[in-house]
Amino acid sequence: MAEATLSMARPITLLQPAGLEIGAGAISKLGEWAGAFSRVFVVAMPPTEGFVERIGLAGELQVFVDLPPEPDLPAVERVLAAARAFKPDLVIGLGGGSVMDVAKLVAVLWDSSETILDVVGPGKVKGRRTALAQVPTTSGTGSEAGIRALVTNPETLAKLAIESQFMLADLAILDPELTYSVPSAVTAATGVDALAHCVEAFTNIKAHPLIDGYARLGIELVGRYLARAVADGSDTEARAGMMLASYYGGICLGPVNTAAGHALAYPLGTRLKLPHGLANAIIFPHVLAFNQPAQPEKTAEIMALLGLPAAENPEAVLAGAMQFCRQLGVEMGLGAHGAEGAALPDWAVEAHAIRRLMDNNPRTMTAEDVLAIYQAALN
């Protein structure tokens, strides 16, 4: 009881987009809202560029699609250069988490003298004069709900995190029809990423009862709808349920953030070039099991919300969570994705050094613990 009282007393700040539209066909609402703007800059990728027509935008329009899956500093600078030449009054992120992260940075930096490196960290962005709308086309990152953006430093391959209330969207659109074409493998991996956001916030040392509520809702939605969305991509109810789960995960990231799971996933993205969702899906069962001794009651609740058998020890938690991911079709072996055992010690040191996340973990994790998890995930 004392721990719960303490967490309730800890002050937190919860920010959400000023407007939220959810439901089949919701993207049409963006066209109505955007009518007040004359110069619209859309950040997208080739698979999502076709959705621009559905928005029904008036006025001058520029669509930028030349982005790698994991944007680095030079890639974002190219987008900024295009935006500076165009001078938008509205920026739209139309795609997955990386696209929406870049849209945030464009909205706050295109008309500023600051560089990306100037604003790395929390609270360093000075303001924003350009409107921002976010339209996710996958269900995983929850970036549309949040105030953070991640960019890879090409020299170190480390993820640079920028955090600011000024990167919060004015409007977020959750239209399940935009996710119909997402392949089942991507649906599965990004869905587990959404789950990981909720779980890592729920079990975090910074956990708060307010955020626990959103986390529970997100976990339960994943348990109810992810398998359905993987089995039938045009299941509108399941797709909408997963978009909401992803949104809730994004809310969890603001006041609480993730922990060791995401720290371990980042080197897999930068070193193996794994998509962010897949990297987190592979790591998820291992970190959930590792943290079970520190959070036995919450871990039991997670298992129940996912519809998994009760598990009272790390081994049983690992078995249940691995089965959950494998039944979705996720290839859980790092070796199958190109990882080699000789590289794992360096990756473990790199992951362990991501203290902004590691320090949130409910159980202390050493570099040796990280290596053991990587080795267990190899095959």
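Attention here is on the structure that accompanies the text.

So, how was this worked out
Residue numbering note: each chain is counted from 1, following its sequence as written. Confidence filtering applies because this is a predicted model: local features only for residues at pLDDT of at least 70, side-chain atom pairs given and counted only at 80 or more, and all residues used for totals across whole chains, interfaces and linings. Hydrogens and water are ignored here; the side-chain numbers use all heavy atoms of the structure. Here the aromatic set is Phe, Tyr and Trp, taking the six-membered ring for Trp, and pairing holds for ring centres within 6.5 Å; pairs whose planes are under 30 degrees apart are stacked, those over 60 apart are edge-to-face, and all others are tilted. Secondary structure counts use DSSP, requiring at least four H or I residues in a row for a helix and at least two E residues in a row for a strand, with both numbered from the N terminus. We call a residue buried when its accessible area falls under 20% of the maximum for its residue type, exposed when it is over 50%, and partly exposed in between, using a 1.4 Å probe and counting protein chains only. Note: two strands are recorded as paired if DSSP finds a minimum of 2 bridges between them. Any two residues having at least one pair of non-hydrogen atoms within 4.5 Å are treated as being in contact. For helices, the axis comes from a line fit to the C-alpha atoms of the stretch in contact; other axes are also lines fit to C-alpha atoms, and the angle between any two N-to-C directions lies between 0 and 180 degrees. Read the arc as the range of directions from the helix axis to the C-beta atoms. Basic side-chain nitrogens of Lys or Arg form a salt bridge, by our definition, when they fall within 4 Å of a carboxyl oxygen of Asp or Glu. Each angle gets one of four labels, with under 35 degrees taken as roughly parallel, over 145 as roughly antiparallel, 65 to 115 as roughly perpendicular, and the rest as oblique. Note that Gly is not counted as nonpolar here; it falls among the polar residues with everything else outside the nonpolar set of Ala, Val, Leu, Ile, Met, Phe, Trp, Tyr, Cys and Pro and the charged set of Asp, Glu, Lys and Arg.

**Looking at the packing of aromatic side chains**
Enumeration according to the criterion identifies five aromatic pairs in this entry. Pairing Phe 41 with Phe 86 gives two aromatic rings, centres 6.2 Å apart and planes at 45°, and the pair type is tilted. With Phe 41 in strand E2 (residues 39-43) and Phe 86 in helix H5 (residues 73-86), this pair connects stretches of sequence that are 45 residues apart. Taken as a pair, Phe 41 and Phe 86 share a single burial class, namely buried.

**A word on unusual backbone geometry**
Backbone geometry at Leu 157 places phi at a positive 65°, although glycine is not the residue there. For Leu 157, the position within the fold is in the loop between strand E7 (148-152) and strand E8 (159-163). Even without glycine at this site, Lys 273 takes up a positive phi of about 65°. With respect to the helices, strands and loops of the structure, Lys 273 is situated in the loop between helix H10 (260-271) and helix H11 (276-291). Lys 273 sits in the exposed class, given a relative accessible area of 61%.

**Quick look at the sheet that holds E7**
Backbone hydrogen bonds are what pair the strands of a sheet, in a parallel or an antiparallel way. Read from one edge of the open sheet, three strands run E5-E8-E7, paired in mixed fashion. With partners counted over all chains shown, the strands left at the sheet margins are strand E5 (121-122) and E7, one partner each. Pairing analysis gives two bridges linking E5 to E8, with the strands arranged parallel. Paired with Pro 122 across the two strands is Glu 163, which belongs to E8. Against the sheet, helix H6 (residues 97-109) makes contact with E7 and E8, and its axis sits at roughly 105° relative to E7, the strand it touches most.

**Brief notes about the environment of Trp 33**
Along the polypeptide, Trp 33 turns up in helix H2 (residues 27-33). For the pair Trp 33 and Phe 166, spaced 133 residues apart in sequence, the C-alpha separation works out to 20 Å. The contact partners of Trp 33, leaving out residues within four places of it in the chain, are Leu 90, Ala 131, Leu 132, Ala 133, Asp 170 and Leu 171.

**Quick notes on helix H12 (residues 296-305)**
Those residues of H12 not exposed but buried are Lys 298, Thr 299, Ile 302 and Met 303. In an axial view of H12, the angular spread of the buried residues amounts to 145°, which keeps them on one side of the axis. Pointing more than 90 degrees away from the buried face of H12 are the exposed residues Glu 297 and Ala 304. The secondary structure elements touched by the buried residues of H12 are helix H7 (184-202), helix H8 (209-231), H11 and helix H13 (314-327).

**Remarks on the pattern of salt bridges**
Scanning the entire structure with this criterion turns up 13 salt bridges. One salt bridge in this structure joins Glu 60 and Arg 39, with 2.8 Å as the shortest N-O distance. In this pair, Glu 60 sits in strand E3 (residues 60-64) while Arg 39 sits in strand E2, placing the two residues 21 residues apart along the sequence. Overall, Arg 39 belongs to the partly exposed group, its relative accessible area being 23%. Arg 228 is the salt-bridge partner of Glu 237, the closest N and O atoms lying 3.3 Å from each other. Assessed through its relative accessible area of 45%, Glu 237 is described here as partly exposed. Classification of Arg 228 by relative accessible area gives partly exposed; the value is 33%. Several salt bridges share partner residues, and in doing so they unite Arg 228, Asp 235 and Glu 237 into one network.

**Let's talk about the sheet that holds strand E4 (residues 90-95)**
With respect to topology, six strands assemble into an open sheet ordered E1-E9-E6-E4-E2-E3, the strand pairing being parallel. Either end of the sheet is taken by a strand with one partner, and the two such strands are strand E1 (19-22) and E3. Geometrically, the sheet is characterised by an average inter-axis angle of 15° between neighbouring strands, direction not taken into account. Pairing of E4 with strand E6 (residues 131-136) involves six bridges; the strand directions are parallel. Opposite Leu 90, over in E6, you have Ala 131 as the bridge partner. The sheet contacts of H6 involve E2, E4 and E6, and relative to E4 the element is tilted by about 170°. Where helix H9 (residues 236-253) meets the sheet, it contacts E1, E6 and strand E9 (171-174), and its direction lies at approximately 155° from that of E1.

**Section: the packing of H7 against H10**
Direction vectors running N to C along H7 and H10 enclose 140°, while the axes themselves pass 9 Å from each other. Classed by the angle they form, the pair H7 and H10 counts as oblique. Contacts between H7 and H10 involve Asp 193, Ala 196, His 197 and Glu 200 from the former and Ala 260, Gly 261 and His 262 from the latter. Its residues assigned to classes, the contact of H7 with H10 comprises two nonpolar, three polar and two charged.

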